[in-house]
Amino acid sequence: MLRYWPFLLPPLYLLLIFALQPADRLGDPAAPVGRLVYDDYDLTALVLRGLNAAHGRTPGHPHPDYVPGVVFRLLLEEKSELEPNYFLEYPPPALLIFRLAWPDAPAHVPPAVLDGLHNSIVEHYPRTDAERALWQRFRLAMRITQTLMMLSLLGLMAVLCVGYEPDAGLTGPVWLLVLPGALYFALNRFDVLPALLTALSFCCLGRQRIAASAAFLALGVLVKVYPVLLAPLVARYLLDRPRAVLTWIAVFGGVLLAGLLPPFLVWGWDATWSPIRFQMTRHLEMGWTVYGVILPTSWGHPTLWGRCLRLGSVVLVGLLLVWRRPHDLADLLGRSAVVLVVFVALQVFYSPQWILWLTPLLAPLCRNRPAVLGLTVALDLLTFTSFPLIYDLPGLSGEAAVRDVLRVVLVWGRVLLLTLLAGVLLWRISAKPPATSALLAG
């Protein structure tokens, strides 16, 4: 029974969040807690997209600008017309998840809210009874979303307990998912859902359920695009079995088509493609990326060289890793993790929830590989230290502000850990294939 103690922590953590959250407004609890326990900003963005979808609106609007609080208060009173579209940065099928938070969406919502930036909604203190009622409904929607994410986290932990192969093969230490970083971002973002779908895909693949594996990975792509980077590796893994690989590709493509065709038919191409276009054309965010700290700032700009560097590096690594077939499922997990490491390391923005992308791939490799286990733990702790701990630390006056110095150290530390992790995994990939299937978990 002791091995199941981590399953108690997500519900307890969720109850702690609910206890600290103010019911009639959004934002952090009183100091000194701040965002150390929960973060309303990203969750507000999710439920705001769901609210717009519940009102039957069409996505496709550019990213809203941030407006100061006094301007947002004026817009609440004076803005009377909605924009033609609303902003959406996730694949349209993800709206099915976001809408679950609004089973009885309020009929009358100020246009400034529906068209606004989620930051403004978080930072606004309701002034009237109508505003307080709406902000209370936002809080309820966020709690519904967090409960769904908590259940997804428990599901991911259960998959790691069962293992990706029969007879508890390729299991992973589930306590990795209740380390500070993984636990925090599982309940304060929604990346744990595509992580669960990815894990289910590998779990089915290890049990030779080819169609189910393809369907789960395609569902992960429809929720958040990144699992598509793993599809070529899975296809290469199955390439020595023509019927299996054709089945996998057909189901994978069919599920993607089934998920994207309805919004395309209803909204058209531009609205369906706009979230992907936004992610592919994001501007450089200075501070927590490698650009301006390790690599030249100009390499992060949307120039031909910058795009070739970021996209070309992922494509090149992917081609090298599919050149030779993964010799077992553990090898496939390692190669998949390397592709994601390269992808996240070169992004022009920093999303600490990336730890949830990697953990389902790394955890099954940790059981008998101390180096992978140690690097996974270190990366989780460094992630939580970066955000929210140091990210929200007030900087001091002068050139040597404490936060800025620590930020540079943490960026270098993150890159070092990712480099070591990729090196350990690549060394294992280049090693001689195991002689028997009994060595799959080792």
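Here the structure is shown first, and the text comes after it.
The structure displayed is predicted, hence computed values, not measured ones. (Residues numbered from 1 in each chain as written. Predicted model: local features only at pLDDT ≥ 70, side-chain atom pairs only at ≥ 80, totals over all residues. Heavy atoms only, no water.)

## Structural notes on the overall build of the protein chain
Step number 1: Scanning the protein chain for helices and strands turns up 18 helices and zero strands.
Step number 2: A compact globule built from 442 residues should have a C-alpha radius of gyration of about 22 Å, and the protein chain, at 22 Å, falls within 12% of that.
Step number 3: When each of the 442 residues of the protein chain is scored for burial, the buried share is 52%.
Step number 4: Sequence separation of at least 24 residues holds for 80% of the intrachain contacts in the protein chain that already meet a minimum separation of 6. (Helix = DSSP H or I, 4+ residues; strand = E, 2+ residues; numbered from the N terminus. Rg over C-alpha atoms; globule rule 2.2 N^0.38 Å. Buried < 20%, exposed > 50% of the residue type's maximum accessible area, 1.4 Å probe, protein only. Contact = heavy atoms within 4.5 Å.)

## Some words on the packing of helix H15 (residues 329-345) against helix H16 (residues 355-366)
Step number 1: Interhelical geometry of H15 versus H16 gives an angle of 145 degrees and a closest axis separation of 9 Å. For the pair H15 and H16, the sense of crossing is left-handed. Each of Ala330, Leu333, Gly334, Ser336, Ala337, Leu340, Val341, Phe343 and Val344 in H15 lies in contact with H16, whose residues at this interface are Trp357, Leu358, Leu361, Leu362, Pro364 and Leu365.
Step number 2: Class assignment for the residues of the contact of H15 with H16 results in 13 nonpolar, two polar and no charged. (Axes fitted to C-alpha atoms, helices over the stretch in contact; angles between N-to-C directions. Left-handed = near helix turned anticlockwise from the far one by under 90°. Nonpolar A, V, L, I, M, F, W, Y, C, P; charged D, E, K, R; others polar.)

## Focus: unusual backbone geometry
Step number 1: Following Phe387, the chain continues into Pro388 via a peptide bond in cis, with omega recorded as 15 degrees.
Step number 2: Even without glycine at this site, Asp167 takes up a positive phi of about 60 degrees.
Step number 3: Following the sequence through the fold, Asp167 ends up in the loop between helix H7 (129-162) and helix H8 (180-188).
Step number 4: Residues other than glycine seldom take positive phi values, yet Leu170 does so here, at roughly 55 degrees.
Step number 5: The topology assignment puts Leu170 in the loop between H7 and H8.
Step number 6: Note on Leu170: relative accessible area 2%, which makes it buried.

## Remarks on the state of the cysteines
Step number 1: With the rule as written, the count across this model stands at zero disulfides.
Step number 2: In this model Cys204 remains outside any disulfide bridge; the closest cysteine sulfur is found in Cys203, 5.7 Å from its own.
Step number 3: Of the residues examined, Cys204 reaches a relative accessible area of 10% and is grouped as buried. (Disulfide = S-S within 2.5 Å.)

## Observations regarding the packing of aromatic side chains
Where two aromatic rings form a pair, the distance of their centres and the angle of their planes describe that pair.
Step number 1: As enumerated under the stated definition, the model contains 23 aromatic pairs in all.
Step number 2: Summarising the aromatic geometry, the rings of Tyr4 and Phe7 are spaced 6.1 Å apart at their centres and angled 50 degrees between planes, so their arrangement reads as tilted.
Step number 3: Here Tyr4 falls in the partly exposed class, since its relative accessible area comes to 39%.
Step number 4: A centroid spacing of 5.5 Å and a plane angle of 90 degrees characterise the contact between Trp102 and Phe138, whose relative ring orientation is edge-to-face. Residue Trp102 is found in the loop between helix H4 (95-98) and helix H5 (111-114), and its partner Phe138 is found in helix H7; the two are separated by 36 residues along the sequence. With respect to burial, Trp102 and Phe138 carry one shared label: buried.
Step number 5: Members of the aromatic cluster, each reached through a chain of ring pairs, are Tyr184, Phe185, Tyr226, Trp288, Phe343, Phe349, Tyr350, Trp354, Trp357, Phe384, Phe387 and Tyr391.
Step number 6: Directly above the ring of Phe18 sits Arg143, whose terminal nitrogen or CZ lies 5.2 Å from the centroid. (Phe/Tyr/Trp six-rings, centres within 6.5 Å; stacked < 30°, edge-to-face > 60°. Lys NZ or Arg CZ within 6 Å of the ring centre and 35° of its normal.)

Distances and angles like these do not, on their own, reveal function.
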